[in-house]
Amino acid sequence: MSLQQYDEFLKEHKPVASGPQVELVRKVGQKTQKAVEQYMQSQGLGGKLANYKWEFNLVESKEANAWCMPGGKVVVYSGLLPITKDETGLAVVVGHEIAHAIAATVESG
């Protein structure tokens, strides 16, 4: 998905603006971001994330899904939250999705 497609997605699926679920997604996302950046730096790969502009969005949807684009654009669907139950469960999913994006970034360059 390109950045243009990402912007179109957010126009069609408005992010939830505020509330405890939004705060949870942002908190988990920021903690995961920090851990990923520290790890990449420790491996001499910090430069691979130089163009990352991290965003963590929650969109209203019954679908249980989440994804991350190379570049750090993360979307969590609200239907996933009852399954993940708490911060730890959400961190597993967000970390998994970010790992896909990081792997694509490292492999491409």
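Note that the coordinates shown come from a computational prediction; the quantities given were computed from them, not determined experimentally.

Our next topic: the nonpolar core. Counting residues in each nonpolar core, the largest one holds 21 residues, and the members touching the most others are Val76, Leu90, Ile98 and Ile102. Secondary structure elements with two or more residues in this core: helix H2 (20–42), strand E1 (55–59), strand E2 (66–69), strand E3 (73–77) and helix H4 (87–108). Grouped together as the second largest cluster of nonpolar side chains are eight residues, Val59, Trp67, Met69 and Val75 included.

Below, the discussion takes up the packing of H2 against H4. Between H2 and H4, the shortest axis-to-axis distance is 9 Å and the interhelical angle comes to 45°. In terms of axis orientation, H2 runs oblique to H4. Classified by chirality, the crossing of H4 by H2 is right-handed. Of the residues in H4, those touching H2 at Leu24, Val25, Lys27, Val28, Gly29, Lys31, Thr32, Val36 and Met40 are Glu87, Leu90, Ala91, Val94, Gly95, Ile98, Ile102 and Val106. Residue classes in the contact of H2 with H4 are distributed as eleven nonpolar, three polar and three charged.

Tallying each qualifying case throughout the model produces five aromatic pairs. Taking the centre distance of 6.1 Å and the plane angle of 85° together, the rings of Tyr6 and Trp67 count as edge-to-face. Of this pair, Tyr6 sits in helix H1 (residues 3–12) while Trp67 sits in strand E2, and the two are 61 residues apart along the sequence. The exposure classification of Tyr6 matches that of Trp67, with both residues buried. Ring centres of Trp54 and Phe56 lie 5.9 Å apart, and the angle between their planes is 10°; this geometry places the pair in the stacked category. Just as Trp54 is buried, Phe56 falls in that class too. Site record: aromatic cluster; members linked through ring pairs are Tyr6, Phe9, Trp67 and Tyr77.

Reading the values: the criteria
- Residues numbered from 1 in each chain as written.
- Predicted model: local features only at pLDDT ≥ 70, side-chain atom pairs only at ≥ 80, totals over all residues.
- Heavy atoms only, no water.
- Core = buried A, V, L, I, M, F, W, Y, C linked by side-chain atoms within 4.5 Å.
- Buried < 20%, exposed > 50% of the residue type's maximum accessible area, 1.4 Å probe, protein only.
- Helix = DSSP H or I, 4+ residues; strand = E, 2+ residues; numbered from the N terminus.
- Axes fitted to C-alpha atoms, helices over the stretch in contact; angles between N-to-C directions.
- Parallel < 35°, antiparallel > 145°, perpendicular 65-115°, else oblique.
- Left-handed = near helix turned anticlockwise from the far one by under 90°.
- Contact = heavy atoms within 4.5 Å.
- Nonpolar A, V, L, I, M, F, W, Y, C, P; charged D, E, K, R; others polar.
- Phe/Tyr/Trp six-rings, centres within 6.5 Å; stacked < 30°, edge-to-face > 60°.

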